[in-house]
Amino acid sequence: MNRMRKTARLWAAIVTLAACGVAAAPPAGAPARKVLHVAFSTAETGFDPAQISDLYSRTITAHIFEALYKFDYLASPVKIKPLTAVAMPEVSSDFKTWTIQVRPGIYYADDPAFKGRKRELVAQDYVYAIQRTADPAQKSQLWTWVETFKIVGLAEYRRELVAAKKPFDYDRPIEGMKALDRYTLRFTLSDPGPRFLESITSSDLLGGIAREVVEFYGDKIAEHPVGTGPFRLKSWRRSSQIVLERSPDYREMFYDAEPAPGDAQGQAWLARFKGRRLPMVDEVQVSIIDEDQPRWLSFLNGQLDLLAGKYGAVPGTFVPQAMPNGVVAPNLERRGIQGMQQVNPEVVLYYFNMEDPVVGGYTPDKVALRRAVSLAMDVEREIKIIRRGQGVPAQSPVVPYTVGYDPAFKSEAGDYDPVRARALLDLYGYVDRDGDGYRELPDGKPLVLEYASSPDQIYRQFDTLFRKNMQAVGLRVKFLIGQWPEQLKQARAGKLMMWGLGSSATSPDGQGTFQRYDGPQSGGQNLARFKLPEFDAVYARMDQIGDGPEREALFLKAKKLAIAYMPYKPTVHRISTDMWHPWVIGFRRPPFHNEWWHQVDIDLQRKADVAP
């Protein structure tokens, strides 16, 4: 009976997706609309940049809002270029003063909030976007990250408001971020910020936003994102479907990129698309399909144009049949389907709540418990069996392709050693006193690891392995099952003992990974609430100096402290398998950003000829 229900549910999802992909025929003589069909494997949370941190929502906002700068789509190594700025910033020699000119003549998508008037993007809109992250009433998880920018006067003003319980005055000038005139923006930092440019190259989180839109929609702002980007939100059915359409107010932006001279594919795309107006597709339909099989079958049936990106690559379950030994399977190759595999600039982490009375704390016995849990986890088996080989063991939280990552670095974080785990537990008094096969705390009280998880099939596999690993060293596990957005809320509030999540790099600098260990960012990016003054000093120094031997030494020290105290257990750097149909032209997954939907084209004739 359960199998019948599951099969019915699977085909219902496929039928629903097929229905979503059927569009009304265009009027006679009108050009056919190009619709890009993609899928998310996990539901979004909302589209207010100040209120989100999940990858799925950020992928949407990255296509609606625009930062001052962008990453070149094809350049390797990565290159930052102006987006809404006129040129690269003017920077003082001490990296404390950054002056930026916003390009005139950029307009927001039309919206009722503007009352029929065209609304131009101005410098103050970027000030406002950052102000919102600092507003205590917003409870923005981004604040702990933005605070590290060290914008003069911003953190001090926020502390003043919190102490006095006063509302944020958006008209009060902040010394460190000012719109000097309509188009001139100046940031003043209290400490040197050599990599400040990388921080503000974030369309998903720090794109320009119009104050009147936020005030017009109030607490419904997450449902009404209005930006200057290539797309606008057309419709949204929560946890089901998101539709973006080409913004009719988008300025004239044309395809341009700087692929490396030896990048034959990139050079071919540049030759084909250079000068084409963006976006090249009219609409993007995003379907939320959390189960692997319906998502894979929808791709095979042509209802999804590609399975790609950090949010919805080929499910690991189907990678062996899709790309055995890293090569597109013959039956798929005959259909013109293309594929690519790459290690992602990301890491999967299990975090321990450092304020939890069972697993938290900095005393030797608490450190020993966390390190024992780490040593008991069979990551190689997880990669082989559950991830179908789609990952490499992580030796530290620093991710591939970033400054600070060393492929030769080896640490205890990458060890599977249940014998050593049991010895650690024995040494620090975690023993089985009542003979039931499970250890108690050193004071004799019950020891239960409470791990937050999700109801999806793939998570059940992870949970089964985790339980087996823990039982092998005498540790009892209780799983707390809930949907991902709800677990995130609980994690932010410090109410979960343990949880697993991924961390993706958004820039070439590896320090971003260590936001999760930075004490001042506790409760924000630092979900583990790890607070170690020695680590914080290392993090602060890394932030203030340029790349070189001193900074490399600090990276090494940070990695060693992270592993020694183990507030997070890094497990794998995931490998993603992207596949796309032959009618999708120009796709390449960028390593550090999510906005590329406007850079690809759909060959409608090819689709008509070869689609299933």
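For the structure given in this document, a descriptive report is provided here. (Residues numbered from 1 in each chain as written. Predicted model: local features only at pLDDT ≥ 70, side-chain atom pairs only at ≥ 80, totals over all residues. Heavy atoms only, no water.)

Concerning the overall build of the protein
Logical step 1: Regarding its fold elements, the protein presents 20 helices and 21 strands.
Logical step 2: Projected onto the principal axes, the alpha-carbon positions of the protein cover approximately 80 × 60 × 45 Å.
Logical step 3: Burial analysis of the protein (612 residues in total) assigns 57% to the buried set.
Logical step 4: For the protein, restricting intrachain contacts to residue pairs at least 6 apart in sequence, the fraction spanning at least 24 positions comes to 72%.
Logical step 5: Accessible surface, the protein as shown: approximately 25,300 Å² in total, 53% of it carbon and sulfur.
Logical step 6: In the protein, 79 side chains carry a positive charge and 73 a negative one; their mean positions are 3 Å apart. (Helix = DSSP H or I, 4+ residues; strand = E, 2+ residues; numbered from the N terminus. Buried < 20%, exposed > 50% of the residue type's maximum accessible area, 1.4 Å probe, protein only. Contact = heavy atoms within 4.5 Å. Areas by Shrake-Rupley, 256 points an atom, 1.4 Å probe, with all protein chains shown as cover. Lys, Arg positive; Asp, Glu negative; His and termini not counted. Charge placed at Lys NZ, Arg CZ, Asp CG, Glu CD.)

Points about the pairing of strand β1 (residues 35-40)
Logical step 1: Most of β1 sits out of view: 6 of its 6 residues are buried.
Logical step 2: Where burial is concerned, the two faces of β1 agree: the one with Val35, His37 and Ala39 and the one with Leu36, Val38 and Phe40 are both buried.
Logical step 3: Summarising the sheet, β1 and strand β10 (residues 283-288) pair through 6 bridges and their orientation is parallel. Looking across to β10, one finds that Leu36 is bridged to Val284. (Pairing = 2+ DSSP bridges.)

Focus: the sheet that holds strand β6 (residues 177-179)
Logical step 1: Read across the sheet, 4 strands follow the order β4-β5-β7-β6 without closing on themselves; strand pairing throughout is antiparallel. Pairing within the sheet leaves two strands with one partner each, and these edge strands are β4 (90-91) and β6.

Remarks on helix α17 (residues 484-492)
Logical step 1: Inspection of α17 places Trp484, Gln487, Leu488 and Ala491 among the buried residues, and these make up the whole buried set. End-on view of α17: buried residues confined to an arc of 105°, all on one side of the axis.
Logical step 2: Buried residues along α17 sit in contact with β13 (346-352), β15 (448-453), β16 (476-481) and β17 (498-504).
Logical step 3: In the stretch just after α17, Gly494 is the one whose phi turns positive, near 75°. (Arc of directions from axis to C-beta.)

Some points on the pairing of strand β19 (residues 572-580)
Logical step 1: The buried fraction of β19 is high, at 8 of 9 residues.
Logical step 2: In the sheet, strand β11 (residues 306-307) pairs with β19 via 2 bridges, with the strands oriented antiparallel. Residue pairing across strands places Leu307 opposite Met579, the latter belonging to β19.
Logical step 3: Pairing of strand β12 (residues 338-343) with β19 involves 6 bridges; the strand directions are antiparallel. When the sheet's bridge partners are listed, Gly339 is paired in β19 with Met579.

A few points about the sheet that holds β10
Logical step 1: The 4 strands are arranged β1-β10-β9-β8 in an open sheet whose pairing can be described as mixed. The two strands at the open ends of the sheet, each matched to only one other strand, are β1 and β8 (231-237). Each strand of the sheet is rotated relative to its neighbour by a mean of 20°, with strand direction disregarded.
Logical step 2: Note: β8 against strand β9 (residues 241-246), 6 bridges, orientation antiparallel. Considered in β9, the bridge of Leu233 is made with Leu244. (Axes fitted to C-alpha atoms, helices over the stretch in contact; angles between N-to-C directions.)

So, empty space enclosed by the protein
Logical step 1: Per the counting criterion, the structure on display carries 6 cavities of 30 Å³ or more.
Logical step 2: Approximately 220 Å³ is the volume found for the largest cavity.
Logical step 3: Taken together, 20 residues make up the lining of the largest cavity; nearest its centre are Lys70, Leu83, Glu595, His598 and Gln599.
Logical step 4: Residue composition of the lining of the largest cavity, grouped by class: 10 nonpolar, 4 polar and 6 charged. (1 Å grid on protein atoms, 1.4 Å probe; cavity = no way out; pocket = protein on both sides within 12 Å on 5 of 7 lines; lining within 4 Å. Points joined across faces, edges and corners; volume = space filled by probe spheres on them. Nonpolar A, V, L, I, M, F, W, Y, C, P; charged D, E, K, R; others polar.)

Thoughts on the pattern of salt bridges
Logical step 1: One pass over the structure, following the stated rule, counts 44 salt bridges.
Logical step 2: A salt bridge links Lys234 to Glu283; its shortest N-O distance comes to 2.9 Å. Taken together, the residues span a long stretch of sequence, with Lys234 in strand β8 and Glu283 in strand β10 at a distance of 49 residues.
Logical step 3: Classification of Lys234 as partly exposed rests on a relative accessible area of 45%.
Logical step 4: For Glu283, a relative accessible area of 5% corresponds to the buried category. (Salt bridge = Lys/Arg side-chain N within 4 Å of Asp/Glu carboxyl O.)

A word on the packing of helix α13 (residues 364-376) against helix α15 (residues 418-427)
The axes of two packed helices give the description: the angle between them and the distance between them.
Logical step 1: It is at 8 Å that the axes of α13 and α15 come closest, and there the two elements cross at 160°. Of the possible angle classes, the one that applies to α13 and α15 is roughly antiparallel. Here α13 and α15 pass one another in a crossing that is left-handed. Counting all contacts with α13, which are made through Ala368, Leu369, Arg371, Ala372, Leu375 and Ala376, the residues of α15 involved are Pro418, Arg420, Ala421, Leu424 and Leu425. (Parallel < 35°, antiparallel > 145°, perpendicular 65-115°, else oblique. Left-handed = near helix turned anticlockwise from the far one by under 90°.)

Comments concerning the packing of aromatic side chains
Logical step 1: Taken as a whole and assessed by the stated rule, the structure comprises 34 aromatic pairs.
Logical step 2: Note on Trp296 and Phe318: the rings are 5.7 Å apart at their centroids and 20° apart in plane angle, and the pair reads as stacked. Here Trp296, found in helix α10 (residues 292-300), pairs with Phe318, found in the loop between β11 and α11 (319-322); they are 22 residues apart in sequence, far enough to count as distant. Just as Trp296 is buried, Phe318 falls in that class too.
Logical step 3: Each residue in the set Tyr351, Tyr362, Phe514, Tyr517, Phe530, Phe535, Phe555, Tyr565 and Tyr568 is aromatic and connected to the rest through ring pairs, giving one cluster.
Logical step 4: Between the NZ or CZ atom of Lys118 and the centre of the ring of Tyr107, over which it lies, the distance is 4.1 Å.
Logical step 5: Between Lys559 and the ring centre of Phe409, over which it is positioned, the NZ or CZ distance is 4.6 Å. (Phe/Tyr/Trp six-rings, centres within 6.5 Å; stacked < 30°, edge-to-face > 60°. Lys NZ or Arg CZ within 6 Å of the ring centre and 35° of its normal.)

Details of the side chain of Thr201
Logical step 1: Within the element layout of this structure, Thr201 appears in the loop between α6 (196-200) and α7 (203-206).
Logical step 2: Here the side chain of Thr201 touches Leu197 through a polar contact of 2.7 Å, landing on its backbone oxygen.
Logical step 3: Not counting the four nearest positions on each side in its chain, Thr201 is found in contact with Ala67, Tyr69, Lys70, Phe71 and Ile80. (Polar contact = N/O pair within 3.5 Å; in protein donor to acceptor, adjacent residues only side chain to side chain.)

Topic: the side chain of Ser507
Logical step 1: Among the secondary structure elements, Ser507 is positioned in the loop between β17 and α18 (533-544).
Logical step 2: For Ser507, the side chain forms a polar contact with the side chain of Glu198, separated by 3.2 Å.
Logical step 3: Other than its neighbours up to four places away in sequence, Ser507 contacts Phe71, Glu198, Thr402 and Phe592.

Notes on the packing of α18 against helix α19 (residues 549-565)
Logical step 1: Two numbers describe how α18 lies on α19: the axes approach to 10 Å, and their chain directions differ by 150°. Classified by the angle between their axes, α18 and α19 sit roughly antiparallel to one another. When you trace α18 past α19, the crossing you get is left-handed. Where α18 abuts α19, its residues Glu534, Phe535, Val538, Arg541 and Met542 lie against Glu550, Arg551, Leu554, Phe555, Lys557, Ala558 and Leu561.
Logical step 2: Counted by class, the contact of α18 with α19 contains 7 nonpolar, no polar and 5 charged residues.

Describing the nonpolar core
Logical step 1: Within the largest apolar cluster, 89 residues are counted, with the highest numbers of intra-cluster contacts made by Leu36, Ile242 and Trp597.
Logical step 2: Take this core: its biggest share by element is 7 residues, from helix α3 (residues 123-134).
Logical step 3: Other than its neighbours up to four places away in sequence, Leu36 contacts Val281, Glu283, Val284, Gln285, Asp305, Leu306, Trp596, Trp597, Val600 and Ile602.
Logical step 4: Residues Tyr351, Ala528, Met542 and Phe555 belong to the second largest nonpolar core, which totals 33 residues. (Core = buried A, V, L, I, M, F, W, Y, C linked by side-chain atoms within 4.5 Å.)

On their own, these measurements won't tell you what the molecule is for.
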